[in-house]
Amino acid sequence: MKKTLPPPRRRKTAAKVASKASATFPIVGIGASAGGLEALEQFLARVPPGSGMAFVIVQHLDPTRKGIMPELLQRATGMKVIQVKNRTPVREDCVYVIPPNKDMSILHGVLHLLAPASPRGLRLPIDIFLRSLALDQQERSVGVILSGMGSDGTLGLRAIKEKAGVALVQEPATAKFDSMPRSAIDAGLADIVAPAGELPGKIFAYLQRKPLIVRTELVLEDKTQSALEKVIVLLRDHTGNDFSLYKRNTLYRRIERRMGIHQITKMARYVRYLQENSQELDLLFKELLIGVTNFFRDPAVWEELRTQVIPALLASRSPGHALRAWVPGCSTGEEAYTLAMVFREAVEALKPKASFVLQIFATDLDRDAIDKARHGVFPPNITTDVSAERLKRFFTKEDHGYRVRREIREMVIFAPQNIIMDPPFTKLDLLSCRNLLIYLTAEVQKKLMPLFHYSLTPGGLLLLGSAETVGSSTDLFASVSAKARIFKRTETVQRPVQVEFPASFKVGKPFGPESAQPAKPLASLQSLADQLILRSYAPPTVLTNDKGDIFYISGRTGKYLEPAAGKANWNLFAMAREGLRYELAGAFPKALKQKESVLLHALKVGTDGGTQCVDVSVQRLDEPGPLHGLVIIVFTDVAMAVTTHTSKTPAQNARLTASERELQRVRAEARITHEEMQTSQEEIRSANEELQSTNEELQSTNEELTTSKEEMQSLNEELQTVNAELQAKLQELSSSSNDMKNLLDSTDIAMLFLDRHLNVRRFTHQATKIIKLIPSDVGRPITDLVSNLDDPALSADACEVLRSLVPKEKPVSTPDGRWFSVRIMPYRTLDDRIDGVVITFADITVAKTLEAELREKQAALEQRVVTQTKRKP
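A quick note: this is a predicted structure, and the numbers were derived from the prediction, not measured.

## Some details on the nonpolar core
Now for step 1: If you look at the biggest cluster of nonpolar residues, it comprises 51 residues, and the most contacted ones within it are Phe-243, Phe-452, Leu-462 and Phe-477.
Now for step 2: Mapped onto this core, the elements with two or more residues apiece are α8 (222-239), α9 (248-261), α10 (267-276), α11 (278-289), β17 (428-433), α17 (442-455) and β18 (456-464).
Now for step 3: Examining the composition of this core, we find that six residues originate from one element, α8, more than from any other.
Now for step 4: Look past the residues within four positions of Phe-452 in its chain and what remains in contact with it is Ile-419, Leu-431, Cys-433, Leu-462 and Phe-477.
Now for step 5: Ranked by size, the runner-up nonpolar core spans 45 residues in total, among them Phe-356, Ile-370, Ala-373 and Leu-430.

## Some thoughts on the packing of aromatic side chains
Now for step 1: Inspection of the entire model under this criterion finds 14 aromatic pairs.
Now for step 2: The interplanar angle of 85° and the centroid separation of 6.3 Å between the aromatic rings of Phe-753 and Tyr-827 together place this pair among those described as edge-to-face. Placement of Phe-753 in strand β26 (residues 750-754) and of Tyr-827 in strand β29 (residues 819-828) is noted, with a sequence separation of 74 residues between them.
Now for step 3: With relative accessibility at 9%, the residue Phe-753 sits in the buried group.
Now for step 4: Overall, Tyr-827 belongs to the partly exposed group, its relative accessible area being 26%.
Now for step 5: By the ring-pair criterion, three or more aromatic residues cluster together here, those being Phe-295, Tyr-337, Phe-378, Phe-395, Tyr-402 and Phe-414.
Now for step 6: Between Arg-761 and the ring centre of Tyr-827, over which it is positioned, the NZ or CZ distance is 4.8 Å.
Now for step 7: Over the aromatic face of Trp-819 sits the side chain of Lys-848, whose NZ or CZ is 4.6 Å from the ring centroid.

## Looking at helix α6 (residues 179-186)
Now for step 1: Residues Met-180, Pro-181, Ser-183 and Ala-184 constitute the buried set of α6. Down the axis of α6, the sector holding all buried residues measures 160°, keeping them to one side.
Now for step 2: Tucked inside the fold, the buried residues of α6 contact β1 (27-33), β2 (54-60), α4 (125-137), β8 (142-145), α5 (154-162) and β9 (166-170).
Now for step 3: With its phi angle positive at about 75°, Gly-188 sits one or two positions after the end of α6.

## Here's the deal with the sheet that holds strand β6 (residues 103-107)
Now for step 1: Overall, antiparallel pairing links the three strands, which are arranged β4-β7-β6 in an open sheet. Only two strands of the sheet have a single neighbouring strand rather than two, namely β4 (88-89) and β6.
Now for step 2: Each of β6 and β7 (110-114) touches α4; the most contacted strand, β6, lies at about 0° to it.

## Concerning the environment of Phe-285
Now for step 1: Assignment of secondary structure puts Phe-285 in helix α11.
Now for step 2: The class for Phe-285 is buried, based on a relative accessible area of 9%.
Now for step 3: Sequence spacing of Phe-285 and Leu-365 is 80 residues, and the spatial spacing of their C-alpha atoms is 9.6 Å.
Now for step 4: If we skip the residues at most four places from it in the chain, Phe-285 touches Leu-235, Thr-239, Asn-241, Phe-243 and Leu-365.

## Observations concerning the pattern of salt bridges
Now for step 1: If you walk through the whole model with that rule in mind, you get 37 salt bridges.
Now for step 2: Across the salt bridge formed by Glu-407 and Arg-344, the nearest N and O atoms sit 3.1 Å from each other. A residue pair is termed long-range when its members are at least 10 positions apart, and Glu-407 in helix α16 (residues 406-409) and Arg-344 in helix α13 (residues 334-350) qualify at 63 residues.
Now for step 3: Looking at Glu-407, the relative accessible area reads 31%, which means it is partly exposed.
Now for step 4: For Arg-344, a relative accessible area of 23% puts it in the partly exposed group.
Now for step 5: The partner of Glu-800 in a salt bridge is Arg-803, and the shortest N-O contact between them spans 2.5 Å. Here Arg-803 and Glu-800 lie together in helix α22 (residues 794-804), a separation of three residues that amounts to about one turn.

## Notes on unusual backbone geometry
Now for step 1: Not every positive phi belongs to a glycine, and Arg-87 is a case in point at roughly 60°.
Now for step 2: The residue Arg-87 is located in the loop between β3 (80-83) and β4 in this model.
Now for step 3: Positive phi is not limited to glycine here, since Asn-435 has a value of about 60°.
Now for step 4: Looking at the secondary structure, you find Asn-435 in the loop between β17 and α17.

## Focus: the pairing of strand β19 (residues 477-481)
Within a regular strand, the side chains alternate between the two sheet faces.
Now for step 1: Sheet topology note: the β19/strand β20 (residues 486-489) ladder contains four bridges and is antiparallel. Counterpart to Phe-477 in the pairing with β20 is Arg-489.
Now for step 2: As consecutive antiparallel partners, β19 and β20 are separated by four residues, and within that stretch Arg-485 has a phi angle of approximately 60°, a positive value.

## Points about the sheet that holds β26
Now for step 1: One open sheet holds the five strands; their spatial order is β27-β26-β30-β29-β28, and the pairing between them is antiparallel. If you trace the sheet from one side to the other, it starts and ends with β27 (760-763) and β28 (808-813), each paired once. Pairwise comparison of adjacent strand axes, ignoring direction, gives a mean angle of 20° for this sheet.
Now for step 2: Direction of pairing for β26 relative to strand β30 (residues 834-843): antiparallel, over a ladder of five bridges.

## Points about the pairing of β1
Now for step 1: Among the seven residues of β1, seven are classified as buried, and the element is accordingly described as predominantly covered.
Now for step 2: The alternating pattern of β1 places Ile-27, Gly-29, Gly-31 and Ser-33 and Val-28, Ile-30 and Ala-32 on opposite faces, both of which are buried.
Now for step 3: The pairing of β1 with β8 spans four bridges and is parallel. Bridged to Val-28 within β8 is Val-142.

## Topic: the packing of helix α12 (residues 299-315) against α13
Helices that pack against each other are described as a pair by the angle of their axes relative to one another and the distance between those axes.
Now for step 1: One way to put it is that α12 packs onto α13 with a least axis distance of 9 Å and a crossing angle of 60°. In terms of their interaxial angle, α12 and α13 are classed as oblique. Helix-helix and strand crossings are classified by hand; for α12 and α13 the assignment is right-handed. In this structure, α12 uses Trp-302, Leu-305, Arg-306, Ile-310, Pro-311 and Leu-314 to contact α13, whose residues at the interface are Glu-335, Thr-338, Leu-339, Val-342, Phe-343, Glu-345, Ala-346, Val-347 and Leu-350.
Now for step 2: Broken down by class, the residue content of the contact of α12 with α13 amounts to eleven nonpolar, one polar and three charged.

## Some words on the confidence of the model for the protein chain
Now for step 1: Within the protein chain, residue pLDDT values average 80, and 84% of them lie at 70 or more.
Now for step 2: β8 holds the highest mean pLDDT among the elements of the protein chain, 93, whereas helix α1 (residues 14-24) holds the lowest, 45.
Now for step 3: Counted against residues more than four places away or in other chains, residues 212-219, with its pLDDT under 50, gives 15 contacts.
Now for step 4: Of the regions scoring below 50 in pLDDT, residues 507-522 engages in 19 contacts with residues more than four places distant in sequence or in other chains.

Cut-offs and rules
- Residues numbered from 1 in each chain as written.
- Predicted model: local features only at pLDDT ≥ 70, side-chain atom pairs only at ≥ 80, totals over all residues.
- Heavy atoms only, no water.
- Core = buried A, V, L, I, M, F, W, Y, C linked by side-chain atoms within 4.5 Å.
- Buried < 20%, exposed > 50% of the residue type's maximum accessible area, 1.4 Å probe, protein only.
- Helix = DSSP H or I, 4+ residues; strand = E, 2+ residues; numbered from the N terminus.
- Contact = heavy atoms within 4.5 Å.
- Phe/Tyr/Trp six-rings, centres within 6.5 Å; stacked < 30°, edge-to-face > 60°.
- Lys NZ or Arg CZ within 6 Å of the ring centre and 35° of its normal.
- Arc of directions from axis to C-beta.
- Pairing = 2+ DSSP bridges.
- Axes fitted to C-alpha atoms, helices over the stretch in contact; angles between N-to-C directions.
- Salt bridge = Lys/Arg side-chain N within 4 Å of Asp/Glu carboxyl O.
- Parallel < 35°, antiparallel > 145°, perpendicular 65-115°, else oblique.
- Left-handed = near helix turned anticlockwise from the far one by under 90°.
- Nonpolar A, V, L, I, M, F, W, Y, C, P; charged D, E, K, R; others polar.
- pLDDT = per-residue confidence, 0-100.

Structure (structure tokens):
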């Protein structure tokens, strides 16, 4: 008997499991160091059973030891604790722990293990995972930072905040190691700060919030819409910035997130909370700014800019040209500094005959972010985005991170500015507006494109984010690289560029539903009947202005009007057929002077097929509105009068002939008068055209003046920006100078600072007692000064230190018996340059006196011993 094998079971792919998992429950990413076991146990112990969440723990573990963290954490929780293997699907109510010597990411709810980039040195596994969590879970991502050393996790929380997720941080005072929590808090990324044991409850309460709106329906109730408008007003009054031009999705999502953090369910309550707490207005303001950035974001874009785009731009500019760039929405300055580094690398690779200079203007709404950008100090975890070669080339290592070198900082000027309210920077060679337009409405984006075109010089470059385009402004910008979103200003514009400057941006109606085009109503039976009657039975009608120029024609008027030969002329008198021309020329002025209509009866009009009898009505329209002052002419056909043919006498025939001749004469005079009127009208029309041409020239001049005014406003904005930057630097320099002065005065040590040419740069008050120094001696060579020291080789020793960079110290005496320890050291700047020497004079007179006394006593003692030895037999 044959055995029937069961059909093979289909294995569920990890992607299917992940898709289901990621769609039904949230995934919480937790970062902690190896010493954060206590905080992790406190956290997991407070997670309620059946919470419906999954937890992924990323730690700093020793790569050479076997991981036992799952066994340790299992004691603190009833959930299953699993050490991650490659392609592990995430399930709810489970805890996943990263294994040693691995980096980890998540894709569609599946955990993937990666080999670390370097086995030793600075590694940032928490940042790597939290970034991938933000991309995978979007606004449902949750990031937690617990006890740990360093700044790992800060960049990961920044990515989560960009996707409108929530960031929670352990209270530093309760952490065994507070560096990681404090780094996240100092960066302004923490939404909730609490002890580790309280964070699970905060997460559960946040996830229980109800959405402010249904994502598929962007229509708010009237009360909610009114409350949203009040939030915008409160923000404008508090910060001076109007967010009504931001996309509603962005506003709804960010406000909803803040409401969820405070457990507020209704917009009206949140409005009251904002009115009572100005600090929440500041937090909401920063939330809406979405200040998320990092160095070399989208590396392929910057590589193409360095190798292809910038060299092509430099080739189109004259040698030694000073280039200008603008980076709106720069946040804390990473992108602006990245542009400066890439430009410097491109210029160094080209090695042009004349050096090019780039001046970058970087602006943002957030003044705190601008202040951080000016300092140019960044945490150690920027090594994730910046290569070791660039770190060495463009950064200086400090105790708490890296500082951008002065040569790069001096290329960038930071200033607060609102791109939709303040004048733009002009005469730019490059404009980098990446990942800013996606938060603005389509109307504002459409207005900004002509503004960017106006700001750039011919051939200037525009950089946009990966999800941004120039929209309908394809005639203003040509694509240089579609993949990198790099565009070039075009000069062959097929339509006039209408530039609306920020001051003229009008706020639409961003709060309610999108304004849809109203549906065209169906025609009723009455309207159809009215149209038929007007078309079939109404008399032919012409509407003209007071000069007879035809504006509108109703019905068939071909029997009464025909185009005149020659140049097209839509004038009533030029188009009137024989039999109407002179009669209309006489009735028209009368109708203009009186309110009643002027009637012409039984006029015989010559048509192509004979003669037609017609009644004509001419009337001026006095009703207020668009038709006021126009003239309406109505043509009504009438039957020809039947004439009875009777015999006439010769006398009657003679009189008839005379009458006909008189009539012909009058008609000839009328024709001449009409021709003269036409000539006068032509002259008047020509004069009118000249006046219109003059008016157009005046309008053009006015537009040029307006443009010049806007350029002056832009220049003024640039001067204000430079002035603000200089003032900030002056304040910083003044503060540093005051600190230096108080420090030197408090040491009570004689110090002398010399430059590379051994000229006096600075000195302390104590130094004046050794060397004859006065304030005006600054800048003089040390060899020109009179010194109390018995050391003629002081300047030579300083030169030797400058040459060898080896400090030198020796005791030197003075004629009055004082002794000083003279120490000469190289003067080293923050950029690691030698810029002179520092000479310190420490008073060692007391030590030398004691030394001399000891020597005298020792000599006396030796003499006594010798004497006693001689006395012995």
